[in-house]
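Coordinate inspection notes
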Amino acid sequence: MRMPLALMVLWCAVVAASLGCGKGKSGTIQTKKIGGCVIETIAVGCGSGNADEAPADAAWIRLSSMDFAGNELYKKAALDLKRLVSSEGVKVLSCTELRHVKDGPCWPPYSIELKVTLAEQRAMRLRSFFEVNAIAVCRPLTERPEDYGTFFVSCGTGASDWWTVWYRK
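Quick look at the packing of aromatic side chains
For the structure shown, the criterion picks out 9 aromatic pairs. Ring geometry for Tyr74 and Phe151: centres 5.5 Å apart, planes at 70 degrees, overall edge-to-face. Residue Tyr74 is found in helix α2 (residues 71-87), and its partner Phe151 is found in strand β8 (residues 151-157); the two are separated by 77 residues along the sequence. In terms of burial, Tyr74 and Phe151 fall into one category: buried. Grouped by ring-pair contacts, the aromatic residues Phe68, Tyr74, Tyr110 and Phe151 constitute a single cluster. For the cation-ring pair, Arg62 lies above Trp60, with the distance from its terminal atom to the ring centre recorded as 3.9 Å. Across from the ring centre of Tyr148, 4.4 Å away, lies the NZ or CZ of Arg144, which sits over that ring.

Structural notes on the pattern of salt bridges
The tally for this structure, following the rule as stated, stands at 7 salt bridges. One salt bridge connects Arg127 with Glu131, and the closest N-O pair in it is separated by 3.1 Å. Judged by relative accessible area, which is 27%, Arg127 ranks as partly exposed. Here Asp147 and Arg168 are joined by a salt bridge, their closest N and O atoms 2.9 Å apart. Here Asp147, found in the loop between β7 (139-141) and β8, pairs with Arg168, found in strand β9 (residues 160-168); they are 21 residues apart in sequence, far enough to count as distant.

Here we look at the nonpolar core
Residues Ile61, Leu81, Leu118 and Phe130 are the most contacted members of the largest nonpolar core, which totals 35 residues. Those elements that provide at least two residues to this core are β3 (59-65), α2, β6 (110-117), α3 (120-130), β8 and β9. Non-local contacts of Phe130, meaning those with residues more than four positions away in its chain, are made with Leu81, Leu84, Val85, Ile135, Pro140, Trp163, Val165 and Tyr167.

Quick word on unusual backbone geometry
Here Trp107 and Pro108 are connected by a cis peptide whose omega angle stands at 0 degrees. By secondary structure assignment, the location of Pro108 is in the loop between β5 (98-103) and β6. For Ala136, which is not glycine, the phi torsion reads 55 degrees and is therefore positive. Mapped onto the elements of the fold, Ala136 is located in the loop between α3 and β7. One non-glycine residue with positive phi stands out, namely Tyr148, at about 70 degrees. Within the secondary structure, Tyr148 sits in the loop between β7 and β8.

Definitions and cut-offs
- Residues numbered from 1 in each chain as written.
- Predicted model: local features only at pLDDT ≥ 70, side-chain atom pairs only at ≥ 80, totals over all residues.
- Heavy atoms only, no water.
- Phe/Tyr/Trp six-rings, centres within 6.5 Å; stacked < 30°, edge-to-face > 60°.
- Helix = DSSP H or I, 4+ residues; strand = E, 2+ residues; numbered from the N terminus.
- Buried < 20%, exposed > 50% of the residue type's maximum accessible area, 1.4 Å probe, protein only.
- Lys NZ or Arg CZ within 6 Å of the ring centre and 35° of its normal.
- Salt bridge = Lys/Arg side-chain N within 4 Å of Asp/Glu carboxyl O.
- Core = buried A, V, L, I, M, F, W, Y, C linked by side-chain atoms within 4.5 Å.
- Contact = heavy atoms within 4.5 Å.

Shown next as structure tokens:
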């Protein structure tokens, strides 16, 4: 029995897509160049809202790592981060998927960023909250480890960092 051409093309596309999904870190990877850096956006299932629609003065809380920690751990950490922030009465405006600096001088290599409604004074109280609460299976550390730990969570606005808390699995 011969397969119609349209059905054969569809079948080939499905097979090619499924084979591509097995490669790399995730099935859905989008790459773009920002400044002098090539950035991959890896869908791990935690993104929400649109960061571009957040007010210009919105603060950010960034979950970062130096090494790839695995899709499931990033997803769990991002969801825990959103839950912890919300439990403290801070409104989460948006959350990106995992961003990976594939090439170029941008830093850190891996990050997920929340845009939030937060003033600096309240952010300092939020830091104390993060210093005693685990994210995913990672416990907070009192000092920055040489390798930056499994994750580090920073908070700030614009180009200003207010604080950072480090975590280790």
